[in-house]
Structures are given as C-alpha cells and as structure tokens.
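The lines below spell out each chain.
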Amino acid sequence: MIMRITWGKLRPGSWKDFEKTYHATVAAKGRHIKGLRGRWLLQDTEDKDTGFDMQAYEQSDLYRREFAPALQPFFVGDYKTYRCEVKYMQ
C-alpha cells in the first residue's frame, strides 16, 4: 500500500476554518475514491498552524478540481507531499 502524506503551513489562526473546509470538501466529497483505504487529518501539537493530511490514494481529478482550490487559500509558505510505502507491523 502507498500512503500519500502532505504537510503544510497554514495562515496563522486559520486551523479551525481549514478543518471545517477540509471536512466539507475532501472528507465529504472524496469518500468513494477508488483505492481509498483511509484518511487522517493531523494537527501539529507544537505548531497549531501546521498539519498533515494523509491519504492512501494518488491525486484524482476530483482533488485537483475541487479539493485543492478550496484548501489552497489557507496555506502560506511550505507545502510538501511525500509518498511512502506502508508496512504493518504486529
């Protein structure tokens, strides 16, 4: 399985609005994307204006068409995406 992890720095104090927008777009409209195994939105505990968006699928037309334009206004500065192989350890 491949996991896509995105880290981004948000505009100061915008996390609450970002999270609301994320839920209304990415979480609500992206539930049935082929290959999606899960979705997590994590807020950095040290810097409340940064977070990680982890998705187990590659970018789709839906992401580029709806999700990215809705979320992009919240970001300032760095925005990085990583792809990692996921291995389950017991």
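Residues numbered from 1 in each chain as written. Predicted model: local features only at pLDDT ≥ 70, side-chain atom pairs only at ≥ 80, totals over all residues. Heavy atoms only, no water.

Enquirer: How would you explain the pattern of salt bridges if you had to name every residue and give the values?
Expert: All told, the structure shown has 1 salt bridge when counted by the stated rule. Measuring nitrogen to oxygen at the nearest pair gives 2.8 Å for the salt bridge that ties K9 to D47. Highlighted residues: K9 in strand β1 (residues 2–10) and D47 in the loop between β2 (39–43) and β3 (50–55), separated in sequence by 38 residues. (Salt bridge = Lys/Arg side-chain N within 4 Å of Asp/Glu carboxyl O. Helix = DSSP H or I, 4+ residues; strand = E, 2+ residues; numbered from the N terminus.)

Enquirer: Hey, could you go over helix α1 (residues 15–29) for me, with residue numbers and the actual values?
Expert: Between its first and last C-alpha atoms α1 spans 20 Å; for 15 residues at 1.5 Å apiece the expected length is 21 Å, and the two agree. At Y22, α1 is bent by approximately 35 degrees, the largest bend along its length. Inspection of α1 places W15, F18, Y22, T25, V26 and A27 among the buried residues, and these make up the whole buried set. (Expected span 1.5 Å × (residues − 1). Bend = angle between axes of the 7 residues up to and from the residue. Buried < 20%, exposed > 50% of the residue type's maximum accessible area, 1.4 Å probe, protein only.)

Enquirer: Report on the packing of aromatic side chains, specifying residues and quantitative values.
Expert: Taken as a whole and assessed by the stated rule, the structure comprises 4 aromatic pairs. Look at F18 and F75: their rings are 5.5 Å apart centre to centre, the planes differ by 80 degrees, and that puts the pair in the edge-to-face class. Of the two residues, F18 is situated in helix α1 and F75 in strand β4 (residues 75–85); the sequence distance between them amounts to 57 residues. For F18, a relative accessible area of 4% corresponds to the buried category. Taken together, the ring pairs connect W15, F18, Y22, F74 and F75 into an aromatic cluster. (Phe/Tyr/Trp six-rings, centres within 6.5 Å; stacked < 30°, edge-to-face > 60°.)

Enquirer: Run through the side chain of S14, naming residues and quoting values.
Expert: Tracing the sequence through the fold places S14 in the loop between β1 and α1. Using a relative accessible area of 9% as the deciding quantity, one classes S14 as buried.

Enquirer: Can you lay out the environment of G30 for me, pointing to particular residues and giving the numbers?
Expert: Note that G30 resides in the loop between α1 and β2. Relative accessible area serves as the criterion here: at 0%, G30 is assigned to the buried category. As a C-alpha pair, G30 and E66 span 36 residues in sequence and 9.8 Å in three-dimensional space. G30 has contacts with T25, L36, R39, L62 and F67, leaving out every residue within four places of it along the chain. (Contact = heavy atoms within 4.5 Å.)

Enquirer: Lay out the environment of R31 in plain terms, naming residues and giving numbers.
Expert: Position of R31 relative to the elements: it lies in the loop between α1 and β2. When residues no more than four places from it in sequence are discounted, the contact partners of R31 are V26 and L36.

Enquirer: How would you sum up helix α2 (residues 61–71)? Please name residues and give values.
Expert: Listed as buried for α2 are L62, Y63, F67 and L71. Taken down its axis, α2 places every buried residue within 80 degrees of arc, on the same side. (Arc of directions from axis to C-beta.)

Honestly, that's just the spatial picture; any functional story needs more than this.
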